[in-house]
Amino acid sequence: MSSFFLKIVNMSIAASWLILAVVLLRVVLKKAPKWIDVLLWGIVAFRLICPFSFESALSLIPSAETISPEIMMDWTPEISTGVSSIDKVVNPIITDTFAPEPIASANPLQLLIPVLAIVWAIGIIAMLVYAAVSYFRLQKKVGASLSVRDNIWICDDIQTPFILGFFKPSIYIPSGTDEAQLPYIIAHENAHLKRCDHWWKPLGYLVLAIHWFNPLVWIAYILLCRDIELACDEKVIRGLNQNESISYSEALLSCSVNRRTVMVCPLAFGEVGVKERVKNVLNYKKPAFWIVAIAVVSSIVLGVCFLTNPSSFPVKLDSVQISKASTMDFRTNSGPTTFQLSAAEIDELSSRIKNLKIGHKDQSLQGHTPFYSLHVDTKENDRITFSGFDSNGNQAAILYENVYYRITDSDFISYLQRICAGETRTEAINETNVDTAIHNSIMEHNKDRYYKGVFACESHTVLATEAGRSANSEEIETLTVYALALYEEYNLSEEGIESVSGGCGPVALTFNVTENGYELSEYWEPGDGSQYSDDIRKKFPEDILDEVWNPQDYVDAMTAENEQKALEFSAQKGELFDYP
């Protein structure tokens, strides 16, 4: 029951954004036909009761699942509203209040949420009992009514006209009603019946009973009742002249009663918003076609944007296998810093992204330069980039296949800031893994060989490794790495970036394996000219020679990787974008 309750809460939160949008749109479409307003509340009701939705890039819902079902078992319980500024304020409070104690036998939320689910169920029962009692009390009150004709009845014990009944609805009119007003009263109630309002309003109340804990749903139901009456008035007065409209307004005033409770029934004539209704009747003008067209289009756009859920991240991060990862940080005064993550750091990154909270797709970040980035290459040859767009950690996103997705996990954003700044690194050399040693060796070997640019970077592809062991021990003493390496120097130009020098080719790096890590003992490159091919055949393992002779795919990938690094540097050298 707890999971079902959390599902309802998430549906209610998602629909709350739609309710706020409808309240705003009602004001904008003030001159539109009132049936448009009722239609908008129908869209809200659908969002509140439909447990499924499609994903769309056009969705304006920040988060389809604000409260995860796993929150009851989480050691650091958090919500994901999709709005990072809200999460940063609310989540520390939630974590401090509901984080389980190490010696506790149960998570506090494991106890609290089932209790809240029971309270929610009791609230639904109370709402339905209230509706049933109200209905049967009213049915008893009109039991002695006198039939006038068809489904119209006169009753001594009521103060205002209304409709009662679902399958066989009847119109009840107070005895002593001015006969001159009867045609308008009956026309109004018949308009309700033609519009099936005796069904829609009770169904609206049923939705309210399910979401009784959400104050915005109460506001929506009250406005629905008003809009139903306004739409019904509009339907009647379309066929009236000016004098008849005045008489209709007088009937509204004479039948109005003071009701402070929201009831599931009846649909009483003169029940709600009499002042607003009289004003609308007296000032009614048939809406122009263009107003109706705009209102209909706006309703469709609203439905597309708020009935759909934000697009989810297309990669299952809990199953991603990271081959290598590197950082780039532009927040330092000395220029951009970059380093390769060690094996231990990659293990930590893998564990952190398994339960990463990702928000909606956000193309507004396209073209903006991140302040810091963590580039991840997977064993499936995918590139995933985690980026921060301001210095205080308010804006962070994942870039995958040129599409940004918001990161809504404040803990991960804090981790991303630290890892890119190098704050999580130790000074011990043994934290440096093979890939870091390769990167450092290539950068050091080439730094003075080419025409200097303002930015240098490298990319490499490991083709094979060969371990050397001592004769008297199984311990690895040396490690030779056979790779393709691309080193480039870049300058800035009016067009952005320009590669001005560099080199690409096969390399064999031999490292001594010590307690302190990998120490370079030989940096091998083939000779030029006629020696080139023979040197490679003698040095490289035979089973990877085809890849050395046909390296274009690798070169293209490494070129793209270097260009991405250079582009980030180029943009950072221009104007840093501080996302608001």
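Cut-off values and rules
- Residues numbered from 1 in each chain as written.
- Predicted model: local features only at pLDDT ≥ 70, side-chain atom pairs only at ≥ 80, totals over all residues.
- Heavy atoms only, no water.
- Axes fitted to C-alpha atoms, helices over the stretch in contact; angles between N-to-C directions.
- Helix = DSSP H or I, 4+ residues; strand = E, 2+ residues; numbered from the N terminus.
- Parallel < 35°, antiparallel > 145°, perpendicular 65-115°, else oblique.
- Left-handed = near helix turned anticlockwise from the far one by under 90°.
- Contact = heavy atoms within 4.5 Å.
- Nonpolar A, V, L, I, M, F, W, Y, C, P; charged D, E, K, R; others polar.
- Buried < 20%, exposed > 50% of the residue type's maximum accessible area, 1.4 Å probe, protein only.
- Pairing = 2+ DSSP bridges.
- Patch = residues over 30% accessible without salt bridge, like charges linked within 9 Å, V, L, I, M, F, W, Y side chains within 5 Å.
- Areas by Shrake-Rupley, 256 points an atom, 1.4 Å probe, with all protein chains shown as cover.
- Salt bridge = Lys/Arg side-chain N within 4 Å of Asp/Glu carboxyl O.
- Phe/Tyr/Trp six-rings, centres within 6.5 Å; stacked < 30°, edge-to-face > 60°.
- Lys, Arg positive; Asp, Glu negative; His and termini not counted.
- Polar contact = N/O pair within 3.5 Å; in protein donor to acceptor, adjacent residues only side chain to side chain.

## Some details on the packing of helix α11 (residues 343–353) against helix α12 (residues 410–421)
So, point 1. The N-to-C vectors of α11 and α12 enclose an angle of 160°; their axes lie 11 Å apart at closest approach. With respect to α12, the axis of α11 lies roughly antiparallel. Our pair here, α11 against α12, has a crossing hand that is left-handed. Residue-level contacts link Glu345, Glu348, Leu349, Arg352 and Ile353 of α11 to Asp411, Phe412, Tyr415, Arg418 and Ile419 of α12.
So, point 2. Among the residues forming the contact of α11 with α12, the class breakdown is five nonpolar, no polar and five charged.

## Overview of the pairing of strand β11 (residues 372–378)
Residues in a regular strand point their side chains to alternate faces of the sheet.
So, point 1. Of all seven residues in β11, seven are buried; the element is thus mostly enclosed.
So, point 2. Of the two faces of β11, the one holding Tyr372, Leu374, Val376 and Thr378 and the one holding Ser373, His375 and Asp377 are both buried throughout.
So, point 3. Examined bridge by bridge, strand β8 (residues 322–329) and β11 share seven bridges and lie antiparallel to one another. Across the sheet, residue Lys324 finds its bridge partner in β11, namely Asp377.
So, point 4. Pairing of β11 with strand β12 (residues 383–388) involves six bridges; the strand directions are antiparallel. Bridge assignment links Val376 to a residue of β12, and that residue is Ile384.

## Regarding the sheet that holds strand β17 (residues 496–514)
So, point 1. Sheet architecture is open: four strands sit in the order β15-β16-β17-β18, paired in antiparallel fashion. Taken across any chain shown, the strands that pair with only one partner, and hence form the sheet edges, are β15 (455–469) and β18 (517–524). In this sheet, neighbouring strand axes are inclined to one another by 30° on average, regardless of whether the strands run parallel or antiparallel.
So, point 2. Bridge count for β17 against β18 is seven bridges, and the pairing is antiparallel. Across the sheet, residue Phe511 finds its bridge partner in β18, namely Leu520.
So, point 3. Relative to β15, helix α13 (residues 434–446) is tilted by about 125°, and along the sheet it contacts β15, β16 (476–493), β17 and β18.
So, point 4. Where helix α14 (residues 531–539) meets the sheet, its contacts fall on β16, β17 and β18, and the angle it forms with β18 comes to roughly 145°.

## Things to note about a nonpolar patch on the surface
So, point 1. A cluster of nonpolar side chains, Trp35, Leu39, Leu58, Val296, Ile300 and Val304, forms an exposed patch at the surface whose accessible area comes to about 510 Å².
So, point 2. When residues of the nonpolar patch are traced back to their parent elements, those giving at least two are α2 (34–49) and α10 (289–306).
So, point 3. Per-element accounting of the nonpolar patch gives the leading share, three residues, to α10.
So, point 4. Secondary-structure assignment places Ile300 in helix α10.
So, point 5. By relative accessible area, which is 53% here, Ile300 ends up exposed.

## Focus: the packing of aromatic side chains
Aromatic ring pairs are described here by two measures, namely the spacing of the ring centres and the angle between the planes.
So, point 1. Under the defined criterion, the tally for this structure stands at 20 aromatic pairs.
So, point 2. With 5.4 Å between their ring centres and 15° between their planes, Tyr135 and Phe166 make a pair best called stacked. In this pair, Tyr135 is assigned in helix α4 (residues 108–141) and Phe166 in the loop between β4 (162–164) and β5 (170–174), connecting sequence segments 31 residues apart.
So, point 3. Consider the rings of Phe412 and Tyr415, whose centres lie 5.6 Å apart with planes at 50°: the pair is tilted. Taken together, the positions of Phe412 and Tyr415, both in helix α12 and three residues apart, correspond to about one turn of that helix. Both residues of the pair, Phe412 and Tyr415, belong to the buried class.
So, point 4. Within the aromatic cluster, the residues linked to one another by ring pairs are Phe4, Phe5, Trp120, Trp212 and Phe213.

## Structural notes on the side chain of Glu488
So, point 1. Tracing the sequence through the fold places Glu488 in strand β16.
So, point 2. In this structure, Glu488 is buried with no salt-bridge partner, the nearest side chain bearing the opposite charge being Lys565 at 9.4 Å.
So, point 3. Looking at Glu488, its side chain comes within polar contact range of the side chain of Tyr490, at 2.9 Å.
So, point 4. Separated by 3.1 Å, the side chains of Glu488 and Asn562 make a polar contact.
So, point 5. Beyond its immediate sequence surroundings of up to four residues, Glu488 is in contact with Phe455, Ala456, Cys457, Ser499, Ser501, Gly502 and Asn562.

## Things to note about the pattern of salt bridges
So, point 1. On inspection of all chains with the given rule, the structure shows eleven salt bridges.
So, point 2. With a shortest N-O distance of 3.1 Å, Arg449 and Glu525 are connected by a salt bridge. Taken together, the positions of Arg449 in the loop between α13 and β15 and Glu525 in the loop between β18 and α14 put the pair 76 residues apart, joining distant regions of the chain.
So, point 3. Judged by relative accessible area, Arg449 falls into the partly exposed class, the value being 42%.
So, point 4. Glu525 gets classed as partly exposed once you look at its relative accessible area, which sits at 31%.
So, point 5. In this structure, Lys539 engages Glu522 in a salt bridge whose closest nitrogen and oxygen atoms are separated by 3.6 Å. You can see Lys539 sitting in helix α14 and its partner Glu522 sitting in strand β18, a full 17 residues away along the chain.

## Quick look at the side chain of Thr308
So, point 1. Position of Thr308 among the secondary structure elements: in the loop between α10 and β7 (309–310).
So, point 2. A relative accessible area of 12% means that Thr308 is categorised as buried.
So, point 3. Reaching out from Thr308, the side chain makes a polar contact with the backbone oxygen of Val304 at a distance of 2.6 Å.
So, point 4. Not counting the four nearest positions on each side in its chain, Thr308 is found in contact with Arg47, Ser53, Phe54, Ser56, Ser59, Ile61 and Gly303.

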